[in-house]
Amino acid sequence: MIIRVEHLSKVYRMGKVEVPALRDVNLEIEEGEFLAIMGPSGSGKSTLLNIIGCLDKPTGGRVFIDGANTASLSENELAEVRRDKVGFVFQQFNLIHSLNALENVSLPMFFAGVKRSERLKRAEELLAKVGLRERMHHKPMEMSGGQQQRVAIARALANDPKIIIGDEPTGNVDTEAGNVIMGILGDLNREGKTIIVVTHDPGIAAHAKRVIRMRDGRLFGEE
Amino acid sequence: MIDIMLMAYRDLSERKARTILTLLGIAVGIAAIVSLVSVGYGMQEAITGELTAFADLITVMPGKFAGMSYVELGSFTDRDIRDIRRIGGVKEVTAMMHGAAEVEYRDERKPVFVFGGDTDALSSFYVEPVGLAEGRWLRENDYKVCVIGNRVATEFFDEPIHVNDKLRINGEKFIVAGVFNKASTLYATDVDPHIFITLRAARDVLGNEKAKYKYITVRVYNINEVEEIAERIEDRINDNHGLDEFATAMTMGSMLERINSVFSILRGVLVGIAAIALVVASIGIMNTMLMAVMERTHEIGVMKAIGAKNRDVLSLFLVESCIVSLMGGLAGCIVGVILARVVSLIVSSVLEIEFVPDVKAGVLLAGVGVAMCVGMLSGFYPARKASKMSPVEAVRYG
Ligand SMILES: Nc1ncnc2c1ncn2[C@@H]1O[C@H](COP(=O)(O)OP(=O)(O)OP(=O)(O)O)[C@@H](O)[C@H]1O
Ligand SMILES: [Mg+2]
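Heads up: these notes are all about the structure in this document. (Residues numbered from 1 in each chain as written. Chains lettered and ligands numbered in written order. Predicted model: local features only at pLDDT ≥ 70, side-chain atom pairs only at ≥ 80, totals over all residues. Heavy atoms only, no water.)

1. Here we look at the overall build of chain A
Formally: Only DSSP runs of H or I covering at least 4 residues are called helices, and only runs of E covering at least 2 are called strands; the numbering of each starts at the N terminus. Three labels apply to residues, based on accessible area from a 1.4 Å probe with only protein chains included: buried if under 20% of the type maximum, exposed if over 50%, partly exposed otherwise in between. Whether two residues touch is decided by their heavy atoms; if any such pair falls within 4.5 Å, the residues are in contact. In these tables, accessible area is a Shrake-Rupley quantity obtained with a 1.4 Å probe, and a residue counts as shielded only by the protein chains included in the view.
Looking only at helices and strands, chain A features seven helices and ten strands. Sorting the 223 residues of chain A into buried and exposed places 55% on the buried side. Pairs at least 24 apart in sequence give 72% of the contacts found in chain A among residues at least 6 apart. If you sum the accessible surface of chain A, you get close to 9700 Å²; carbon and sulfur atoms cover 47% of it.

Here's what the structure looks like:
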């Protein structure tokens, strides 16, 4: 089991109003799974992914990633989890605009202290893997949404994490590009990566082997 | 390290206007320091260089210096001069007297300050640096002959005075043998408003009361003995007058010390002004770095989300402010050196002193060092703020 979520809750506080985003969520994900999370807007999907991806901290409950309780990790250790164990793919791509594709992909390796020549080589391989070898010297603004998202996937793979998390990775691209992206994620899953994606699109969710649904901060129904 | 610098460089070149403004702030501060200090050193060197030509000279005055002002306690006697001549190592002694006298020229009377002294000594003091506009300098055996300062010749009387004109000093007839050039600032107050005559003439013309020596100059054989002899002169004259502190015997060494201390105060003030400029600049850097953090909140969030630690973000921003301040420091040094040249040209033409700025390597190094420190210190707070941001919130921002 690579991810275990126990009695997870998250409450956002906006002034005096408390907004419960997650209520007692329990979830177990095996290594090598391809999981899709669906649910209406505001049901807490992003909140759950952010906590699993160690971008955010829960109000209650525990998350184990690869056996480690994230609550007991220091700020630096959480950064290491984000860097080495989880690759995060955002709906908005979130590439660094001043850097070209190659540099964007090598950035996580830069933070991991990988030698320059080595990380440029690996970044090039990863870009080739997502079919963007000829685009590696382009800046994000010179690429289409689908291409940018493929760069973002290559970046998520930089330090060879076991887990890839995508929060509506196809939300900002057209259907065709979305299918390409899901195809790449499917390939990665076949290579052994654990994939978790959030999506509104049942067609996209169909790529996953397991689909769970959320509503009002709770998980329900598994198919 | 090189990578992080490359990244910082990219971010900086993406935001050219802001970077240039910051850079300018630092550069102005450093340029101010470098140029002011270099001009100060240059002036000091020019003046001290001129003075070291008189290293074998002791100037004895009947009074003492209290801080920057001089208090006259009396005047020297013939006996004082004889006693100084007897001190071992003394090569020559010249006494000078001076006093206000009534000068009459073509029925016009004006009080003018008259100097009497050894012609050779006066010549090396004044004629060599200032030069004569007309006529000749005094000779040892001249009697009722005078040389006049430029303002005496051109401004004091309704009609200008020229060589071979006659004037009366305290009623005695004198012939004008020469007229000085207009003196540079350094000599203007010593030469321009004065009349110079021989010691013999001065004794007779300046009434008994004022006809005592106000100024003795001594030359020694051996420059190394100059301090020691100066002390002995002071002791001897103090004995003669029965006072503990009557005479002040100044060597160029002690004069240089006084001048150097004036200059080091001056430099302190200049550096203080420049330091204020730098503080202002550092507020500017801090402000632009804070803006950079704001602008890049989203980017910082992304970097943290893909695994940057706080210290990665911190060092990225610190390196960035370091690069800016280093470039600012270097630019400041270059501009400072140019500015020093320009200021020196202006100052030397206004004050009529020949000098070039003295740009010391230490000052340049200090300039760059200070720029780096200012950059680091003022970049630290924004960098820390950037590094502490929560990744989700930062990613959601913008
Ligand atoms: N930073 C925040 N401050 C306050 N409330 C928040 C914050 N982030 C999310 N929420 C609230 O928490 C709940 C869950 O939000 P979340 O973003 O997880 O939903 P989601 O399922 O991802 O929705 P969507 O499909 O629109 O992306 C919502 O009610 C939302 O308004
Ligand atoms: Mg969402």
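On we go.
2. What to know about the interface of chain B and chain A
Our working rule: Put simply, buried area is how much 1.4 Å-probe accessible surface two parts lose in total, over both of them, once they are put together. Definition used for salt bridges: Asp or Glu carboxyl oxygen within 4 Å of a side-chain nitrogen of Lys or Arg.
At the interface, 24 residues of chain B touch 24 residues of chain A. Carbon and sulfur atoms supply 60% of the area that chain B and chain A bury against each other, a total of about 2300 Å² over both sides. There are one salt bridge connecting chain B and chain A. Two residues, A:Glu80 and B:Lys309, come together in a salt bridge whose shortest N-O distance is 2.4 Å.

3. Let's talk about the side chain of A:Thr47
Residue and element names in this part refer to chain A. Worth spelling out the cut-off: What qualifies as a polar contact is a pair of N or O atoms within 3.5 Å, subject to a donor-acceptor requirement within protein and to the restriction that residues adjacent in sequence count only when both atoms come from side chains.
Topologically, Thr47 is positioned in helix H1 (residues 45–52). Within the structure, Thr47 has its side chain in polar contact with the side chain of Tyr12 (distance 3.3 Å). Excluding residues that lie within four positions of it along the chain, Thr47 makes contacts with Lys10, Tyr12, Ala21 and Leu22.

4. Let's talk about the nonpolar core
Rules: Residue types Ala, Val, Leu, Ile, Met, Phe, Trp, Tyr and Cys, when buried and joined through side-chain atoms within 4.5 Å, form a set referred to as a nonpolar core.
The biggest cluster of nonpolar side chains holds 68 residues, and the ones touching the most others in it are A:Ile37, A:Leu48, A:Ile196 and B:Phe317. Apart from residues no more than four positions distant in its own chain, A:Ile37 is found in contact with A:Lys45, A:Leu48, A:Leu49, A:Ile196, A:Val197, A:Val198, A:Thr199, A:Ile212 and A:Met214. Residues B:Ala95, B:Phe156, B:Val220 and B:Ala230 belong to the second largest nonpolar core, which totals 46 residues.

5. Focus on a nonpolar patch on the surface
Residue and element names in this part refer to chain B. The condition is simple: Residues with no salt bridge and a relative accessible area higher than 30% make up the patches, which join like charges within 9 Å and nonpolar side chains (Val, Leu, Ile, Met, Phe, Trp, Tyr) within 5 Å.
Residues Ile334, Ile338, Val342, Leu345, Ile346 and Val350 make up a contiguous nonpolar surface patch of roughly 600 Å² in combined accessible area. As for its position among the elements, Val342 is in helix H11 (residues 310–351). Classification of Val342 as partly exposed rests on a relative accessible area of 41%.

6. Section: the packing of aromatic side chains
Residue and element names in this part refer to chain B. As a reminder, the rule being used: Pairing of aromatic side chains requires ring centres within 6.5 Å, counting the rings of Phe and Tyr and the six-membered ring of Trp. Pairs whose planes differ by under 30 degrees are stacked, by over 60 edge-to-face, and all others tilted.
Applying the stated rule across the entire model yields ten aromatic pairs over all chains. Considering the side-chain rings of Phe76 and Phe246, the 6.1 Å spacing of their centres and the 85° angle between planes classify their relative orientation as edge-to-face. Of this pair, Phe76 sits in the loop between strand E3 (69–72) and helix H3 (78–86) while Phe246 is found in the loop between helix H8 (226–241) and strand E12 (248–251), placing the two residues 170 residues apart along the sequence. The burial state of Phe76 is the same as that of Phe246; both residues are buried. Taken together, the ring pairs in this structure connect Phe113, Phe115, Tyr126, Trp137, Phe180 and Phe196 into an aromatic cluster.

7. Brief notes about the site of ligand 1
Using the following cut-off: If a single non-hydrogen atom of a residue is within 4 Å of a molecule or strand, that residue counts as near it. The classification used treats Ala, Val, Leu, Ile, Met, Phe, Trp, Tyr, Cys and Pro as nonpolar, Asp, Glu, Lys and Arg as charged, and all other residues, Gly among them, as polar.
Of all residues adjacent to ligand 1, which total 15 residues, the nearest are A:Ser41, A:Gly42, A:Lys45, A:Ser46 and A:Thr47. Residue neighbours of ligand 1 fall on chains A and B, so the site bridges chains. A distance of 2.4 Å separates an oxygen atom of ligand 1 from a polar side-chain atom of A:Ser41. With respect to ligand 1, the side chain of B:Arg396 contributes an N or O atom lying 2.9 Å from a nitrogen atom. Alone, ligand 1 offers 630 Å² of accessible surface; in the complex the protein occludes 69% of this. When contributions to the shell around ligand 1 are tallied by element, the ones reaching two or more residues are strand E1 (3–14), strand E2 (17–29) and H1 of chain A. No other element matches H1(A), which puts three residues into the shell around ligand 1. Class assignment of the residues belonging to the shell around ligand 1 gives a composition of five nonpolar, seven polar and three charged.

8. Some details on the side chain of A:Arg155
Selection criterion: The charged-residue count follows a simple rule in which Lys and Arg add positive charge and Asp and Glu add negative charge, with His and chain termini not counted at all.
Structurally, A:Arg155 is set in helix H5 (residues 145–156). The charged side chain of A:Arg155 is buried without a salt bridge, its nearest counter-charge being B:Glu299 at 9.6 Å. In terms of polar contacts, A:Arg155 uses its side chain to reach the backbone carbonyl oxygen of A:Asn94, at 2.9 Å.

9. Regarding unusual backbone geometry
Residue and element names in this part refer to chain A. The phi dihedral of His7 falls on the positive side, at around 45°, and the residue is not glycine. Along the chain, His7 turns up in strand E1. His7 sits in the exposed class, given a relative accessible area of 51%. Positive phi is not limited to glycine here, since Asp66 has a value of about 50°. Looking at where Asp66 falls in the secondary structure, it is placed in the loop between strand E4 (60–65) and strand E5 (68–69).

10. Focus on the packing of helix H10 (residues 297–305) of chain B against H11(B)
All names here are of chain B. Let me state the cut-off plainly: The angle between two axes is taken between their N-to-C directions and runs from 0 to 180 degrees, where each axis is a line fitted to C-alpha atoms and a helix contributes only its stretch in contact. With respect to orientation, any angle under 35 degrees is reported as roughly parallel, any angle over 145 as roughly antiparallel, any angle of 65 to 115 as roughly perpendicular, and every other angle as oblique. The hand of a helix crossing depends on one turn: near helix anticlockwise from the far one by less than a right angle means left-handed, and clockwise means right-handed.
The N-to-C vectors of H10 and H11 enclose an angle of 140°; their axes lie 10 Å apart at closest approach. Classified by the angle between their axes, H10 and H11 sit oblique to one another. The handedness of the crossing between H10 and H11 is right-handed. Facing Ile300, Met303 and Lys304 of H10, the residues of H11 in contact are Asn310, Val313, Leu316 and Phe317. A breakdown of the residues in the contact of H10 with H11 according to their chemical character gives five nonpolar, one polar and one charged.

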